[in-house]
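Below, each chain spelled out in residue letters.
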Amino acid sequence: MKIDILTLFPALFSNFLTESMIGIAVNNGAIDVKITNIRDFAHDKHKTTDDYPYGGGAGMIMKPEPIFEAVQAVKTAKNTPVIYFTPQGRLLDQDLVNEYCKSEKIILLCGHYKEIDQRVRELVVTDEISIGDYVLSGGEIPAMVFIDAVARLQEGVLSDIDSAMSDSHQKYLLGCPHYTRPPEFKGLTVPEVLLSGNHARIAEWRLERAREITQKIRPDLYKKFIENEKKK
Ligand code: ADE
């Protein structure tokens, strides 16, 4: 999967792209990430990428020309999604991640400061995504969240595909409790069933705990789970 990131702050991505699971995904070619500095497309000698808002008010607006040209420079096919991260976008959830993880190429546009010029939004942005109902100072962290979620579903990234398929949220359920050695820690023991070696009982126990937790913490998600079960 090819991922183009357009940002004013390329350095924010350096550790992110070399460490842990994303580092593996980059190294084994599961994702091919290219970073483009929007500032390289600024027109004046000061490399200006933002300006005051028409109509006044606080905050700076990212100028349209550098963003437009940066998108043109990386866009090789007409139907490549250009995703802009904004609190006004569609809320990112596992269903949306599952849709995008099949894309051959995506372009991620990270805004910064107050906003990007509306015209460039209308001209080049195809999809808008929010990672939650709160305001961040830019789209870089949302882009990292998005990349992490799609990269781990690419083939060859997780050693055990089961581990992705049994993830929290993959079936509209939150995760169940997990334990590792030692069997007793500060007086707390591991549920007996997990030591039983009976895989059918273990799977049943995990599903039951996941259902209980989801129903209690996220009744909205649990409703989706029940609806999805009925479809089966
Ligand atoms: N940019 C600023 N806040 C954001 C959010 N919550 N989601 C996506 N992009 C953003």
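What you are looking at is a predicted structure, and each value in this text was computed from that prediction instead of being measured. Residue positions are given per chain, counted from 1 along the sequence in the order it is written. Residues qualify for local features only when their pLDDT is at least 70, as the model is predicted, and side-chain atom pairs are given and counted only at 80 or more; totals for whole chains, interfaces and linings, by contrast, use all residues. The side-chain values count all of the structure's non-hydrogen atoms but skip hydrogen atoms and water molecules.

**What about the overall build of the chain?**
Phase 1: Along its length, the chain carries nine helices and 10 strands.
Phase 2: With the C-alpha coordinates aligned to their principal axes, the bounding extent of the chain is approximately 70 × 40 × 40 Å.
Phase 3: Accessibility here uses a 1.4 Å probe with only protein chains present; expressed as a share of the type maximum, an area under 20% marks a residue as buried, one over 50% as exposed, and anything in between as partly exposed. With 232 residues in all, the chain has 41% of them scored as buried.
Phase 4: Working definition of accessibility: Shrake-Rupley area with a 1.4 Å probe, residue cover restricted to the visible protein chains. Approximately 14,000 Å² of the chain is accessible, and the part contributed by carbon and sulfur atoms is 53%.
Phase 5: Two residue types count as positive, namely Lys and Arg, and two as negative, namely Asp and Glu; His and chain ends fall outside the count. Each charge is placed at NZ for Lys, CZ for Arg, CG for Asp and CD for Glu. Charge separation in the chain, taken as the distance between the mean sites of 29 positive and 33 negative side-chain charges, equals 2 Å. A helix here means a DSSP run of H or I that spans at least four residues, while a strand means a run of E at least two residues long, and both kinds are numbered starting from the N terminus.

**What to know about helix H6 (residues 140–151)**
Phase 1: Its 12 residues give H6 an end-to-end C-alpha distance of 16 Å, which sits within 8% of 16 Å, the value for a rise of 1.5 Å per residue.
Phase 2: Where burial is concerned, most of H6 is hidden: nine out of the 12 residues are buried.
Phase 3: What H6 keeps buried is the set Glu140, Pro142, Ala143, Met144, Phe146, Ile147, Ala149, Val150 and Ala151. Working rule for helices: expected span equals 1.5 Å times residues minus one.

**A look at helix H2 (residues 20–27)**
Phase 1: Among all positions of H2, only Met21, Ile22, Gly23 and Ala25 are buried.
Phase 2: Phi turns positive one or two residues past the end of H2, at Gly29, with a value near 80°.

**Some details on the sheet that holds strand S3 (residues 50–51)**
Phase 1: Here three strands make up an open sheet; going across it, the order is S3-S4-S7 and the pairing mixed. In this open sheet, the two strands that pair with only one neighbour each are S3 and strand S7 (115–116).
Phase 2: For strand S4 (residues 61–62) and S7, the ladder comprises two bridges, and the chain directions are parallel. In the sheet register, Ile61 faces S7, and the bridge partner there is Glu115. Two strands pair under a simple rule: DSSP has to find at least two bridges between them.

**Notes on the domain arrangement of the chain**
Phase 1: For every domain, the bounds stem from an assignment made automatically or drawn from a database. For the chain, the assigned domains read domain 1 (2–151) and domain 2 (166–231).
Phase 2: Inter-centroid distance (C-alpha atoms) of domain 1 to domain 2 is 35 Å.
Phase 3: Taken together, the contact between domain 1 and domain 2 spans four residues of the former and four residues of the latter.
Phase 4: We define buried area as the total accessible area lost by two parts upon association, computed with a 1.4 Å probe and summed across both. Taken together, the two surfaces of domain 1 and domain 2 that pack against each other cover about 300 Å², and 25% of this comes from carbon and sulfur.
Phase 5: When the area that domain 1 buries against domain 2 is broken down by residue, the three leading residues are Gln94, Asp95 and Asn98, summing to 89%.
Phase 6: For this document, the term salt bridge refers to a Lys or Arg side-chain nitrogen within 4 Å of an Asp or Glu carboxyl oxygen. Close ionic contact of Lys224 with Asp93 constitutes a salt bridge, the shortest N to O distance being 3.7 Å.
Phase 7: Whenever two N or O atoms come within 3.5 Å, that pair is a polar contact, provided that in protein one can donate a hydrogen and the other can accept it, and provided that, for residues adjacent in sequence, both atoms are side-chain atoms. Our count for the contact surface shared by domain 1 and domain 2 stands at one residue pair in polar contact (both at pLDDT 80 or more).
Phase 8: For the side of domain 1 that touches domain 2, the residue count by class is no nonpolar, two polar and two charged. Residue contacts are defined here by distance: any two heavy atoms, one from each residue, within 4.5 Å place the two residues in contact. Just so you know the grouping, Ala, Val, Leu, Ile, Met, Phe, Trp, Tyr, Cys and Pro go in nonpolar, Asp, Glu, Lys and Arg go in charged, and all remaining residues, Gly too, go in polar.

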